[in-house]
Amino acid sequence: MSLYICVFCKSEVDVDLVRNRIQCPKCGSRIVMKPRPPAMKKRVKAI
Ligand SMILES: [Zn+2]
């Protein structure tokens with residue numbers, strides 16, 4: 001299962017890879033982005 005985020009309403013969008021169909025169920029947008037992995041957090045310098 002692939003999970004994407006709608007760029008407009010920020011809701012989770014399920015991507016149907018079988019039908020190759022990407023569309024937000026809430027706003028109908030076809031523009032989605034991959035959510036960033038949680039490992040990319042910024043590190044704060046220690047003083
Ligand atoms: Zn949307």
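It should be noted that the structure appears before, not after, this text.
Predicted model, so just to flag it, every value in this text is computed and none were measured. (Residues numbered from 1 in each chain as written. Predicted model: local features only at pLDDT ≥ 70, side-chain atom pairs only at ≥ 80, totals over all residues. Heavy atoms only, no water.)

Observations concerning unusual backbone geometry
Turning to step 1, where the next piece is worked out: In this structure, K10 takes a positive phi of about 60° despite not being glycine.
Turning to step 2, where the next piece is worked out: Note that K10 resides in the loop between strand 1 (2-6) and strand 2 (12-15).
Turning to step 3, where the next piece is worked out: A residue is classified by how much of its surface remains accessible, and K10, at 54% relative accessible area, is exposed. (Helix = DSSP H or I, 4+ residues; strand = E, 2+ residues; numbered from the N terminus. Buried < 20%, exposed > 50% of the residue type's maximum accessible area, 1.4 Å probe, protein only.)

Looking at the sheet that holds strand 1
Turning to step 1, where the next piece is worked out: On the basis of which strands lie adjacent, the open sheet formed by three strands has the order 2-1-3 and antiparallel pairing. The sheet is open, and its two edges are formed by strand 2 and strand 3 (32-33), each paired on a single side.
Turning to step 2, where the next piece is worked out: With two bridges joining them, strand 1 and strand 3 adopt antiparallel strand pairing. When the bridges of strand 3 are listed, C6 appears paired with V32. (Pairing = 2+ DSSP bridges.)

Things to note about the coordination of the zinc ion
Turning to step 1, where the next piece is worked out: For the zinc ion, every protein donor is listed as C6 (SG), C9 (SG), C24 (SG) and C27 (SG), and the spread of their distances is 2.3 Å.
Turning to step 2, where the next piece is worked out: Viewed at the metal, the four donor atoms of the zinc ion are separated by angles of 104 to 120°, and the geometry they form is tetrahedral.
Turning to step 3, where the next piece is worked out: Mapping the donors of the zinc ion onto the primary sequence gives the spacing C-x2-C-x14-C-x2-C. Here the residue C9 occupies a position in the loop between strand 1 and strand 2, and C27 occupies one in the loop between strand 2 and strand 3, the gap between them amounting to 18 residues. (Donors = N, O, S within 2.8 Å, 3.2 Å for Na, K, Ca; no water. Tetrahedral: all angles 85-135°; square planar, octahedral: opposite > 155°, others 65-115°.)

Considerations on the pairing of strand 2
Turning to step 1, where the next piece is worked out: In strand 2, alternate side chains face the same way, and those of V13 and V15 are buried while those of E12 and D14 on the opposite face are not.
Turning to step 2, where the next piece is worked out: Pairing geometry for strand 1 and strand 2, over four bridges, is antiparallel. Across the sheet, residue Y4 finds its bridge partner in strand 2, namely V13.
Turning to step 3, where the next piece is worked out: Hairpin connection from strand 1 to strand 2: five residues lie between these consecutive antiparallel strands, with K10 at a positive phi of about 60°.

Note that all results are geometric; they support no functional claim without further evidence.
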